[in-house]
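Below are the chains, spelled out letter by letter.
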Amino acid sequence: MPNLASAQTLASLPSVASTISTTGAARPISAWVTFCETYAAECAVNVSEPATISLTPGVWNTIVSVNRRVNKSIRAVTDMEQLGLADRWDLAESGAGDCEDFQLLKRKLLAEAGLPRRAMRMTVVIDEKGEGHAVLTLITDRGDLILDNKTNSVLPWRQTGYTFIKRESQSAMAWVSLGRAASPVTTANR
């Protein structure tokens with residue numbers, strides 16, 4: 001039986017681009033601050049990079065492939081189960097991790113494939129269980145698309161069912177608010 005994500009095509013995306021509006025500065029997740037101290041290059045913002053990913057069939061195939069590959073290769077486990085910590089962001093070097101670890105690894109691999117890191121922003125949402133969750137927002141010429149470890153489908157942000165709280169800024173090593181909802185303290189679910 002074919003994977004649904006492999007059947008996803010660039011043509012299946014909405015023709016009208018929908019982007020998430022930012023509403024000002026936001027406080028970063030504390031585990032992100034610690035991550036950035038360890039992996040400074042993963043958090044640096046190069047304002048000379050494109051702020052938008054141009055979706056071509058080749059770029060789309062790379063995005064879908066990386067999303068599926070990382071989702072399949074990492075074992076979902078909370079930081080508390082794995083490390084005895086409430087929340088720690090890393091690149092899932094152990095082969096296991098929680099939501100943000102999946103997304104950070106996806107961003108690293110996509111940047112290595114040539115996509116502009118500046119157009120790939122870590123994002124905090126409230127998920128279907130009412131819990132803090134991290135996804136990767138790709139800011140594209142076809143709208144904001146979401147990579148998530150809970151699905152192999154790359155979805156336009158409005159189709160996720162999530163409440164979007166905040167994400168990394170595209171212009172500085174900082175975070176921006178995406179709405180009025182209260183922010184979770186951690187993004188430590190699977």
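Caption draft 1: A look at helix α4 (residues 57-73). Helix length check: α4 (17 residues) gives 24 Å between terminal C-alpha atoms against 24 Å at 1.5 Å per residue, within 8%. Listed as buried for α4 are Val 59, Trp 60, Ile 63, Val 64, Val 66, Asn 67, Val 70 and Asn 71. Down the axis of α4, the buried set is contained in an arc of 160°. They therefore lie on one face. Residues of α4 that are exposed and point over 90 degrees away from its buried face: Pro 57 and Lys 72.

Caption draft 2: The arrangement of the side chain of Glu 42 in detail. Its location among the elements puts Glu 42 in helix α3 (residues 40-43). Relative accessible area serves as the criterion here: at 8%, Glu 42 is assigned to the buried category. Engagement of the side chain of Glu 42 in a polar contact is seen with the side chain of Arg 117, the distance being 2.8 Å. Non-local contacts of Glu 42, meaning those with residues more than four positions away in its chain, are made with Phe 35, Leu 104, Arg 107, Lys 108 and Arg 117.

Caption draft 3: Structural view of the packing of aromatic side chains. Throughout the structure, instances matching the rule amount to 4 aromatic pairs. Pairing Trp 89 with Trp 175 gives two aromatic rings, centres 6.3 Å apart and planes at 70°, and the pair type is edge-to-face. Taken together, the residues Trp 89 in the loop between α5 (79-83) and β3 (96-97) and Trp 175 in strand β9 (residues 175-177) connect sequence positions 86 residues apart. For the pair Trp 89 and Trp 175, one class covers both residues: buried. Grouping aromatic residues by their ring pairs yields a cluster made of Trp 32, Trp 89 and Trp 175.

Caption draft 4: Examining the side chain of Asp 127 more closely. Position of Asp 127 among the secondary structure elements: in the loop between β4 (120-126) and β5 (132-140). Looking at Asp 127, the relative accessible area reads 5%, which means it is buried.

Caption draft 5: Here's a closer look at the environment of Leu 85. Of note, Leu 85 is situated in the loop between α5 and β3. Leu 85 has contacts with Asp 79 and Met 80, leaving out every residue within four places of it along the chain.

Analysis parameters
For every chain, the first residue of the written sequence is number 1, and numbering continues from 1 along that sequence. In keeping with the predicted nature of the model, local features appear solely for residues at pLDDT of at least 70, side-chain atom pairs appear and are counted solely at 80 or more, and the whole-chain, interface and lining totals rest on all residues. With hydrogens and water excluded, all non-hydrogen atoms of the structure serve as input to the side-chain values. Secondary structure elements are defined from DSSP: runs of H or I of at least 4 residues count as helices, runs of E of at least 2 residues count as strands, and each element is numbered from the N terminus. Expected helix span is taken as 1.5 Å per residue step, with the number of steps being one fewer than the number of residues. For every residue, the accessible area obtained with a 1.4 Å probe (protein chains only) is divided by the maximum for its type, and the residue is called buried under 20%, exposed over 50%, and partly exposed between those limits. In this description, one arc is meant: the one made by directions from the helix axis to the C-beta atoms. What qualifies as a polar contact is a pair of N or O atoms within 3.5 Å, subject to a donor-acceptor requirement within protein and to the restriction that residues adjacent in sequence count only when both atoms come from side chains. Residue contacts follow a heavy-atom distance rule, with two residues in contact if any of their heavy atoms lie within 4.5 Å. In summary, the pairing rule links any two rings of Phe, Tyr or Trp, Trp by its six-membered ring, whose centres are within 6.5 Å, and it sorts them by plane angle into stacked for under 30 degrees, edge-to-face for over 60 and tilted for everything else.

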